[in-house]
Amino acid sequence: MNVSEAVAARRSVRGFLETPLDPALIEGIARKAARAATGGNLQPWHIDLVSGEPLAELKAIMAAKLVAGDIEPPAYAIYPDKLGAPYRDRRFAVGEAMYREIGIPRDDKNARRAWFARNFQFFGAPTALFCTVDRQMGPPQWSDLGMYLQTVMLLAVEAGLATCAQECWAIYPETVTGFLGTPPERMLFCGMAIGFEDTEEPANRLRSERAPDKEWLSVRT
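Now for a quick tour of the structure. (Residues numbered from 1 in each chain as written. Predicted model: local features only at pLDDT ≥ 70, side-chain atom pairs only at ≥ 80, totals over all residues. Heavy atoms only, no water.)

A word on the overall build of the protein
Definition in use: Only DSSP runs of H or I covering at least 4 residues are called helices, and only runs of E covering at least 2 are called strands; the numbering of each starts at the N terminus. Every radius of gyration here is taken over C-alpha atoms, with the globule rule written as 2.2 Å times N^0.38, N being the number of residues. Whether a residue is buried, partly exposed or exposed follows from its accessible area with a 1.4 Å probe, protein chains only, as a fraction of its type maximum: under 20%, in between, or over 50%, in that order. Contact definition: two residues touch when any of their heavy atoms are within 4.5 Å. Computed with the Shrake-Rupley method and a 1.4 Å probe, the accessible areas treat only the protein chains shown as cover for residues. His is not counted here, nor are the chain ends, while Lys and Arg score as positive and Asp and Glu score as negative. In plain terms, the charge of a residue is placed at NZ if it is Lys, CZ if Arg, CG if Asp and CD if Glu.
Along the protein, the regular secondary structure elements total 7 helices and 4 strands. Relative to the compact-globule value of 17 Å for 221 residues, the protein shows a C-alpha radius of gyration of 18 Å, a close match. Per-residue burial over the protein gives 39% buried out of 221 residues. Expressed as a percentage of contacts within the protein between residues at least 6 apart in sequence, the contacts between residues at least 24 apart total 85%. Here the protein displays about 12800 Å² of accessible surface, and carbon together with sulfur accounts for 54% of that area. Looking at charge distribution, the protein has the averaged site of its 25 positive side-chain charges lying 6 Å from that of its 28 negative ones.

Focus on the packing of aromatic side chains
Here is the rule we go by: Within 6.5 Å between ring centres, the rings of Phe, Tyr and Trp (the latter by its six-membered ring) count as paired, and their orientation is classed by plane angle as stacked under 30 degrees, edge-to-face over 60, tilted in between. Ring-over charges, as used throughout, are those where CZ of Arg or NZ of Lys falls within 6 Å of the ring centre and within 35 degrees of the ring normal.
Applying the stated criterion across every chain yields a total of 11 aromatic pairs. The interplanar angle of 20 degrees and the centroid separation of 4.7 Å between the aromatic rings of Phe 122 and Trp 169 together place this pair among those described as stacked. A residue pair is termed long-range when its members are at least 10 positions apart, and Phe 122 in the loop between helix 5 (109–117) and strand 2 (127–134) and Trp 169 in the loop between strand 3 (162–166) and helix 7 (173–180) qualify at 47 residues. By way of ring pairs, the aromatic residues Phe 116, Phe 120, Phe 122, Phe 130, Trp 169 and Tyr 172 are connected into one cluster. The ring of Tyr 79 is capped by Arg 91, whose NZ or CZ atom sits 3.8 Å from the centre of that ring. The aromatic ring of Tyr 99 is capped on one face by Arg 112, whose charged end is 4.0 Å from the ring centroid.

As for the nonpolar core
Which entries qualify depends on this criterion: Here, nonpolar core means buried Ala, Val, Leu, Ile, Met, Phe, Trp, Tyr and Cys residues that are tied together by side-chain atoms lying within 4.5 Å of each other.
With 29 residues, the main nonpolar core has Phe 16, Trp 115, Phe 122, Phe 130 and Trp 169 as its most contacted residues. Apart from the residues within four sequence positions on either side, Phe 122 is in contact with Phe 16, Leu 55, Leu 58, Lys 59, Ala 128, Phe 130, Gln 166, Trp 169, Met 192 and Ala 193. Residues Leu 21, Val 133, Leu 145 and Ala 156 belong to the second largest nonpolar core, which totals 25 residues.

Regarding the environment of Pro 20
On the secondary structure map, Pro 20 appears in the loop between helix 1 (3–9) and helix 2 (23–32). Sequence separation of Pro 20 and His 46 is 26 residues, and the distance between their C-alpha atoms is 23 Å.

Thoughts on the pairing of strand 3
Filter applied, for reference: Note on pairing: two strands pair once DSSP finds at least 2 bridges between them.
Most of strand 3 sits out of view: 4 of its 5 residues are buried. In this sheet, strand 4 (residues 186–195) lies alongside strand 3 in antiparallel orientation, the contact comprising 5 bridges. Bridging across to strand 4, Ala 162 finds its partner in Gly 195.

What to know about the pattern of salt bridges
As a working rule, side chains carrying opposite charge can pair if their charged atoms are close by. Under the convention used in this document: Every case where a carboxyl oxygen of Asp or Glu lies within 4 Å of a side-chain nitrogen of Lys or Arg is listed as a salt bridge.
Enumeration over the complete set of coordinates arrives at 9 salt bridges. Note that Arg 11 and Glu 197 form a salt bridge whose closest N and O atoms lie 2.5 Å from each other. Note that Arg 11 is positioned in the loop between helix 1 and helix 2 and Glu 197 in the segment after strand 4, a separation of 186 residues in sequence. According to the relative accessible area criterion, Arg 11 is buried, its value standing at 18%. Owing to a relative accessible area of 24%, Glu 197 belongs among the partly exposed residues under this scheme. Among the salt bridges present, the one from Lys 65 reaches Asp 70, with a minimum N-O distance of 3.9 Å.

With respect to the environment of Ile 194
Inspection of the secondary structure assignment puts Ile 194 in strand 4. Aside from chain neighbours lying at most four places away, what touches Ile 194 is Phe 16, Leu 21, Ile 26, Ala 125, Pro 126, Thr 127, Leu 129, Leu 161, Ala 162 and Thr 163.

As for helix 3 (residues 52–68)
Operational definition: To estimate the expected span of a helix, subtract one from its residue number and multiply by 1.5 Å.
Over its 17 residues, helix 3 runs 25 Å from end to end, which matches the ideal 24 Å to within 8%, given 1.5 Å per residue. The inward-facing, buried residues of helix 3 abut strand 1 (45–51), strand 2 and helix 7. Gly 69 sits one or two residues past helix 3 and shows a positive phi near 75 degrees.

Rendered as structure tokens:
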């Protein structure tokens, strides 16, 4: 597989097989991804890989919190408060497309909440990745985190695996950092589900659209 093929194949998968992953494979991907571009060679990412009994424990903790309705101050605002067009429209469109695939109508709020809760079970994935970052870092270093995470996802595609990057974990930062034992000077950035795709999961039929390049690409020659 070449890079272009991996880029085209990568997508957010929301249904995984329970098949355990070889720890050496995942650790190897995490290490290789550290070659990602990083301004000033700061390498601001800190990565935790969780699987097996620890992951089962975290999933149980999150299930109990959701049932109890526990909420926490988010680590950061995942989206701007007043997200304007066309960004708001794109976000709405991909959400509606996913719910169409899984057959949940817009007015069935309970079913939609139940589906969203699957995020906190990593959609059944056997391995989770968490990315944290020193609180002194700013937007340029956050972009470095994206460089690292994208590299992880492309390497996972190369290895025949699927992923789903999950910023939703940022709304439970105290639970996650407490579970991981993250030092207080670091904040939670996101999680990621990693595993083999469940090809029978209806949500995995979704192929999100991309805006035509005339909306974002300028070429001067």
